[in-house]
Amino acid sequence: MPKLLNMIYHTHIKRIIISLMFSLFSLQAYSLEYTLACGSLQETGVSVKPALLLSGGADTKSPDEKAATQWLLKQADKGDYLVIRAGGLGKQAKWICNNFSPLISSASEVSIDSQADANHPAIVRLIESAEVIWIAGGDQTLYSNYWKGTALAKALNKHLVKKAVGGTSAGMAILGDYYYAPRNKAVVGSELLNNPYHVKSQDLFHGDLLKHPFLSNVINETHVDRKIKGETRHSRAFGLLARISASGAANKAIALYEGSFLAVDELGRGKVFGHRALFLRALSVPENMQEKDSLKWNNQGEAVQVFNIAGSSQGNGDIDLINWTFNSTQPTHWFTNDGYTGLKTPL
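Residues numbered from 1 in each chain as written. Predicted model: local features only at pLDDT ≥ 70, side-chain atom pairs only at ≥ 80, totals over all residues. Heavy atoms only, no water.

So, the overall build of the protein
- Counting its secondary structure elements, the protein contains ten helices and 18 strands.
- The buried share of the protein, reckoned over its 347 residues, is 55%. (Helix = DSSP H or I, 4+ residues; strand = E, 2+ residues; numbered from the N terminus. Buried < 20%, exposed > 50% of the residue type's maximum accessible area, 1.4 Å probe, protein only.)

Shown next as structure tokens:
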């Protein structure tokens, strides 16, 4: 390298290092909860591909969590891994350190608990410098309240079109173009199908937080196989899709079982690790969707087209999210003639 170019290069590196050090100092001075779990922040950019990993939520016995995580980290080999969350620090960054240290330069974690936090320049700098960002589980209402309309959200939206991003549970939920963030108790499927505008369903938002290009017109549902009040979330996914489809838009839903992961590369091609993923697409608008009246969404038994993809340790499914095609399976159809009791969800 010529002497002048060498001098310019090293001057640039020093500026990056100083900027990162200033960011960490600013975080501590501002009393933000932050931890660098291992490694050191990367001084220069690494080769990173736009990539997306969605996780349906906690399942400590999932055999494929490590395989899915390894897939994500390899999209930004030797990059900086940053966990963002609200409500205090967790153990995700440390878990990455313990299991994947050869694949990363560093793993850190920060809790962003107010709009003031989300507008802090040091937070923005952390987002900008990370190659992989993981949005932890927790409460999507806090994410909506604290992060919406902030410098953090702007930086995240720039990141997710150029680099790797993922989220679990609440983190997966807010990555959708549509997302449900209940301020109080969450609605269950039977309540929603028997009253599509149930008071618990009012906190349904669209296009005002994160805008991933592969998740346009998509709502994400998590923990689909977990039973709450004796029912799973299959019916709630159907009900939320009905709500966002009332205007006639060709809307879709991605519903992941616990311990399941959807990995999507830079071309929008996806595969499923773990247990199971469901891909729902509205084929019509509901015939009857009135407040305090049972939902009717039949369309001659084909209201919603559903692709059911089983996961595997290597990643399964010939999925194209851009064109919404699933060549490895044939669809079934869901519909209801009379709210929750009339719902048919063949898998």
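Comments concerning the packing of helix H2 (residues 65–74) against helix H3 (residues 92–100)
- Between H2 and H3, the least distance of the axes is 12 Å, while the angle of their chain directions is 90 degrees. In terms of orientation, H2 lies roughly perpendicular with respect to H3. From H2, Glu 65, Lys 66, Thr 69, Gln 70 and Leu 73 reach across to H3, where they touch Trp 95, Ile 96, Asn 99 and Phe 100.
- Split by residue class, the contact of H2 with H3 holds four nonpolar, three polar and two charged. (Axes fitted to C-alpha atoms, helices over the stretch in contact; angles between N-to-C directions. Parallel < 35°, antiparallel > 145°, perpendicular 65-115°, else oblique. Contact = heavy atoms within 4.5 Å. Nonpolar A, V, L, I, M, F, W, Y, C, P; charged D, E, K, R; others polar.)

So, the side chain of Asp 64
- In this fold, Asp 64 is placed in the loop between strand S2 (51–55) and H2.
- Arg 276 is the oppositely charged side chain nearest to the buried, salt-bridge-free Asp 64, at an N-O distance of 11 Å.
- For Asp 64, the side chain forms a polar contact with the main-chain nitrogen of Gly 274, separated by 3.0 Å.
- Those residues within four positions of Asp 64 in sequence are excluded, and the remaining contacts are Phe 261, Phe 273, Gly 274, Ser 312 and Ser 313. (Lys, Arg positive; Asp, Glu negative; His and termini not counted. Salt bridge = Lys/Arg side-chain N within 4 Å of Asp/Glu carboxyl O. Polar contact = N/O pair within 3.5 Å; in protein donor to acceptor, adjacent residues only side chain to side chain.)

Describing the side chain of Ser 169
- With respect to the helices, strands and loops of the structure, Ser 169 is situated in the loop between strand S6 (164–168) and helix H8 (170–174).
- One polar contact links Ser 169 to His 223, side chain to side chain, over a distance of 2.7 Å.
- The contacts of Ser 169, once residues within four sequence positions are left out, are Ser 55, Gly 57, Gly 137, Thr 222 and His 223.

What about the sheet that holds strand S5 (residues 132–135)?
- Spatial strand order, S1-S4-S3-S5-S6-S2-S11-S12-S15-S16: ten strands in an open sheet with mixed pairing. Here the strands that pair on one side only, and so sit at the sheet edges, are strand S1 (33–39) and strand S16 (325–326).
- Relative to strand S11 (residues 260–264), S2 runs antiparallel, the two sharing four bridges. When the sheet's bridge partners are listed, Leu 54 is paired in S11 with Leu 262.
- Of the strands in this sheet, S1, strand S3 (79–85), strand S4 (104–111) and S5 touch H3, which is tilted by about 165 degrees from S4.
- Against the sheet, helix H6 (residues 140–147) engages S3 and S5, with an angle of about 100 degrees to S3. (Pairing = 2+ DSSP bridges.)

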